[in-house]
Amino acid sequence: MPCLEKSKERRTNGPKLDWTFVQRFCSIQRVLFPSWSSQSVLMFGTLLGVTLTEQLIIYQVGILPSHFYNVLADKDYSGFRSLMGTAMVLILLNSTLKSLDQYICNQMYVSWRTTLTESLHSSYFQGRVYYILNVLQEDIDNPDQRISQDVERFCKQMSTMASRLIVSPFTISYYTYQCFRSTGWIGPVSIFGYFVVGTIANKILMGPIVSTLFEQEKLEGDFRFKHMQIRVNAESAAFFRAGKVEHMRTDRRLQALLQTQKSLINKELWLYIGVNTFDYLGGFLSYIIIAIPIFTGVYDGLTPGELSALISKNAFVCIYLINGFTQLIDLSTTLSDVAGYTHRIGELREAMDDILHKQCDYDPASGESYDFDSDFNVHAGPVDTAFILDRLSYKSPYSDQLLVEDLSLKISQGTHLLVVGNTGTGKTSLLRVLNRLWEAHSGFVQMTTCFGPRGTLFLPQKPYMTDGTLREQVIYPLKDIYPASASFSGSVDDDRIMQFLELAGVSSLLKRTGGLDEKVDWNWYDVLSPGEMQRLSFARLFYLQPKYAVLDEATSALTEEAEAQLYRTCKQLGMTLISLGHRSSLEKYHDMQLKLCGEGRWELTKLKGTSGTLSLRQEAT
Ligand SMILES: Nc1ncnc2c1ncn2[C@@H]1O[C@H](COP(=O)(O)OP(=O)(O)OP(=O)(O)O)[C@@H](O)[C@H]1O
């Protein structure tokens, strides 16, 4: 099934600070900085300007003590006063620039999060990607968490790193030059050597952190998912009085998460020890570098006042150069987090790209045109046919056993088809293959109509209730009103919706919601009974009026009378029905029966006694 080889490949490559990390990081950067004129680049440029100015001011503030030494040693009162004035201005400027720097970083965080999340969304919601990721592909854990939380944290950490990283090349070059002028080659060389050792040590210490952080985020997602599962199925669990068992299972996930979190903290301890040791060693190193020219007699001719001013100035440039490097080393903890998130986001992006490529190879009509309302009038094929199946065989994912073998069938307008068979014989799977959610094992399947109004519509076994108003439930998955109503006025559409709610037997919902467009804050799954959900799905079907309606046990929660009423309305609206179900009462609404017998076998038979159709279609539109 989809992308399994690539998935295995991904599984074997554990998350590390390696070449894969660099590639994934660069590919995410290409999303964040799409062009030279993009908003992120402009913000980055502004940040560079601000941080460079900040550094100039910091430099001025840094050399102030040496001026103070001079004026104090000379007892120069007026010089002292003007120096105080300069110090005040510099401090004010410095704090303003620092705040501006933080402000731009926060703005960049929001902008990056927007860009990256939107980019992931555009792949995630393209064609069947979200279905394959959530249902068929097991190696990408918690895609929802990767898109929401991991992206958020990645952008946050990146933005905290940004101002320090951006200015580093400039400060390091400048202070290397200054350090060279003050101490000769000994200063820069020893500081560079110190940095190389620090980086190697930290790279070794960061290795295990990246993979543990990756694991921790996975477990975080699992823990959240468990809570989500209880939230969505609270009533079913309560009927089982399953508080204790759910408590135990949720705690088990929490324990697994906390265990990993503890192990991460333990591993981070070594990194912190490394980072702090290098911080303090850095401070110490600066005095060694300053001591060398003093003890070798380079400054022997200076007065004590001049020497203290020089020591203060030299100490400042050396300390600042070391500080530039230690700041980079301090970023190790942030970098290890960024690396973990980079792997999680990168892996998701690669998985989605694989699916999209595979999808295009399998079905060139996928991608943009796969979606519901973009596909109104396409598909050339016989006008009176919905599906053509030729020697079609299919099986479930991860199984070698064929569910159906060599099925040849044409589903034409006016011939209602009933698909029956025991549990697990592959009835719903047939719809998955027809809807191209699953690939066929062999043979040929073609959907010759468009998808949506005027074409084919599927009502899945579990009614899908979206969030939003009653109108949004009925018109789903249309974003707007029905195309035919658009040329009249909104009230025509309102009338249609009300008429169809009435026909589906759920007009009472109008009272409960307080109107078609009243915002409701309830979860539709909690407040509607399964029967009401099925009826609401039929209201949706009546509203969309496809030529072909594929109904997967769509009336299983309703009485036979209600079923009769709904089927009659479908036929009056001119729909050709393809139904799946176990009830014998369904037979009378269909002309043909396809029986799936298991182990690949099937039978196609004619049914007797079908009711006629009235044309309510034009009337309703
Ligand atoms: N996402 C999946 N991954 C792996 N196997 C699956 C998946 N979905 C379904 N199957 C398996 O495929 C087989 C056929 O499932 P299908 O849903 O088509 O059954 P069905 O005939 O519609 O059953 P029912 O009458 O209960 O609805 C079953 O054995 C099922 O467990």
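Residues numbered from 1 in each chain as written. Predicted model: local features only at pLDDT ≥ 70, side-chain atom pairs only at ≥ 80, totals over all residues. Heavy atoms only, no water.

- Labelled according to an unreviewed UniProt entry, the protein chain appears under the name ABC transporter domain-containing protein, originating from Poecilia mexicana.

## So, the overall build of the protein chain
Then, in step 1: Along the backbone of the protein chain there are 19 helices and nine strands.
Then, in step 2: The contacts in the protein chain between residues at least 6 apart in sequence include a share of 79% that link residues at least 24 apart.
Then, in step 3: Summed over its atoms, the accessible surface of the protein chain is roughly 31000 Å², and 59% of this surface lies on carbon and sulfur atoms. (Helix = DSSP H or I, 4+ residues; strand = E, 2+ residues; numbered from the N terminus. Contact = heavy atoms within 4.5 Å. Areas by Shrake-Rupley, 256 points an atom, 1.4 Å probe, with all protein chains shown as cover.)

## Notes on the packing of helix 6 (residues 143-183) against helix 7 (residues 186-232)
Then, in step 1: In the contact formed by helix 6 and helix 7, the axes pass within 15 Å of each other and the chain directions differ by 175°. Taken together, the axes of helix 6 and helix 7 lie roughly antiparallel to each other. Counted together, Asp144, Gln145, Arg146, Ser148, Gln149, Asp150, Arg153, Ile172, Thr176, Cys179, Phe180 and Thr183 of helix 6 and Ile186, Gly187, Pro188, Ile191, Phe192, Phe214, Glu217, Glu220, Gly221 and Arg224 of helix 7 form the full contact between these two elements.
Then, in step 2: Partitioning the contact of helix 6 with helix 7 into residue classes produces eight nonpolar, seven polar and seven charged. (Axes fitted to C-alpha atoms, helices over the stretch in contact; angles between N-to-C directions. Parallel < 35°, antiparallel > 145°, perpendicular 65-115°, else oblique. Nonpolar A, V, L, I, M, F, W, Y, C, P; charged D, E, K, R; others polar.)

## Notes on the sheet that holds strand 5 (residues 456-459)
Then, in step 1: The strand order across the open sheet formed by six strands is 5-6-7-3-8-9, and the pairing between neighbours is mixed. In this open sheet, the two edge strands, each paired with only one partner strand, are strand 5 and strand 9 (601-606). With direction set aside, neighbouring strand axes in the sheet form an average angle of 15°.
Then, in step 2: Relative to strand 7 (residues 576-580), strand 6 (residues 548-552) is paired through five bridges, and the arrangement is parallel. Note on strand 7: the bridge partner recorded for Ala549 is Leu577.
Then, in step 3: Each of strand 5 and strand 6 touches helix 17 (residues 530-544); the most contacted strand, strand 5, lies at about 175° to it. (Pairing = 2+ DSSP bridges.)

## So, the sheet that holds strand 1 (residues 385-395)
Two pairing modes exist for strands in a sheet, parallel and antiparallel, and in both the strands are linked by backbone hydrogen bonds.
Then, in step 1: Strand order across the open sheet formed by three strands is 2-1-4, with antiparallel pairing between neighbours. Strand pairing shows two members of the sheet lacking a second neighbour, strand 2 (402-412) and strand 4 (442-447), which therefore form its edges. Taken pair by pair, the neighbouring strands of this sheet meet at an average axis angle of 15°, ignoring direction.
Then, in step 2: As paired elements, strand 1 and strand 4 share five bridges and run antiparallel to each other. Among the inter-strand pairings, Phe387 is bridged to a residue of strand 4, identified as Met447.

## What about the pairing of strand 5?
Then, in step 1: Residues Thr456 and Phe458 of strand 5 are buried on one face, and the alternating residues Leu457 and Leu459, pointing to the opposite face, are buried as well.
Then, in step 2: Pairing between strand 5 and strand 6: four bridges, direction parallel. Counted as the bridge partner of Leu459 is Leu551 from strand 6. (Buried < 20%, exposed > 50% of the residue type's maximum accessible area, 1.4 Å probe, protein only.)

## Overview of the site of the ligand
Then, in step 1: Near the ligand lie 18 residues; those nearest to it are Gly424, Gly426, Lys427, Thr428 and Ser429.
Then, in step 2: At 2.6 Å, a side-chain N or O of Lys427 approaches an oxygen atom of the ligand.
Then, in step 3: With respect to the ligand, the side chain of Gln461 contributes an N or O atom lying 3.3 Å from an oxygen atom.
Then, in step 4: The fraction of the free accessible surface of the ligand (640 Å²) that becomes covered by protein chains is 69%.
Then, in step 5: Top element by residues in the shell around the ligand is helix 11 (residues 427-434). It accounts for four residues.
Then, in step 6: When the residues that make up the shell around the ligand are grouped by side-chain class, the tally is five nonpolar, ten polar and three charged. (Near = heavy atom within 4 Å. Polar contact = N/O pair within 3.5 Å; in protein donor to acceptor, adjacent residues only side chain to side chain.)

## Details of the pattern of salt bridges
Then, in step 1: For the structure shown, the criterion picks out 15 salt bridges.
Then, in step 2: A salt bridge links Glu347 to Arg146, with the shortest nitrogen-to-oxygen separation between them at 3.0 Å. Taken together, the positions of Glu347 in helix 10 (residues 304-362) and Arg146 in helix 6 put the pair 201 residues apart, joining distant regions of the chain.
Then, in step 3: The class for Glu347 is buried, based on a relative accessible area of 8%.
Then, in step 4: One salt bridge in this structure joins Glu217 and Arg153, with 3.2 Å as the shortest N-O distance. (Salt bridge = Lys/Arg side-chain N within 4 Å of Asp/Glu carboxyl O.)

## Focus: the packing of aromatic side chains
The description of two aromatic rings rests on the distance between their centres and on the angle between their planes.
Then, in step 1: Overall, the coordinates contain 20 aromatic pairs when judged by the stated rule.
Then, in step 2: Clustering of aromatic rings is evident, with ring pairs tying together Phe21, Phe25 and Phe154. (Phe/Tyr/Trp six-rings, centres within 6.5 Å; stacked < 30°, edge-to-face > 60°.)

## Regarding the UniProt feature "domain: ABC transmembrane type-1" (unreviewed entry) in the protein chain
Then, in step 1: Residues given the UniProt feature "domain: ABC transmembrane type-1" (unreviewed entry) here are residues 41-312.
Then, in step 2: Taken end to end, residues 41-312 comprises 90% helix and 0% strand; its first and last C-alpha atoms sit 38 Å apart. (UniProt positions renumbered as here; feature names shortened; annotations may be inferred.)

## What to know about helix 3 (residues 39-73)
Then, in step 1: Its 35 residues give helix 3 an end-to-end C-alpha distance of 51 Å, which sits within 8% of 51 Å, the value for a rise of 1.5 Å per residue.
Then, in step 2: Maximum bend of helix 3: about 30°, positioned at Leu64, with proline Pro65 one to four residues after it.
Then, in step 3: Lys75, located one to two residues past helix 3, shows a positive phi value of around 50°. (Expected span 1.5 Å × (residues − 1). Bend = angle between axes of the 7 residues up to and from the residue.)

## Describing the domain arrangement of the protein chain
Then, in step 1: The domain boundaries assigned to the protein chain delineate domain 1 (36-356) and domain 2 (385-479 + 493-606).
Then, in step 2: Distance between the C-alpha centres of domain 1 and domain 2: 53 Å.
Then, in step 3: On the side of domain 2, seven residues touch domain 1, which itself brings six residues to the contact.
Then, in step 4: The contact between domain 1 and domain 2 buries some 590 Å² in all, and 49% of this surface belongs to carbon and sulfur atoms.
Then, in step 5: At the junction of domain 1 with domain 2, the criterion picks out three residue pairs in polar contact (both at pLDDT 80 or more).
Then, in step 6: Each residue belonging to the side of domain 1 that touches domain 2 can be placed in one class, and the counts come to three nonpolar, one polar and two charged. (Domains from an automatic or database assignment. Buried area = accessible area lost by both parts, 1.4 Å probe.)

## Looking at the nonpolar core
Then, in step 1: Core analysis: the largest hydrophobic core is formed by 105 residues, its most contacted members being Leu116, Leu133, Phe154, Phe387, Leu389 and Leu430.
Then, in step 2: Of the domains in this structure, domain 1 (36-356) and domain 2 (385-479 + 493-606) are the two that each give at least three residues to this core.
Then, in step 3: Once residues within four sequence positions are removed from consideration, Phe154 is found in contact with Phe25, Ile28, Gln29, Leu32, Leu116, Val338, Tyr341, Thr342 and Ile345.
Then, in step 4: Ala539, Tyr543, Ala554 and Leu586 belong to the second-largest nonpolar core, a separate cluster that totals 42 residues. (Core = buried A, V, L, I, M, F, W, Y, C linked by side-chain atoms within 4.5 Å.)

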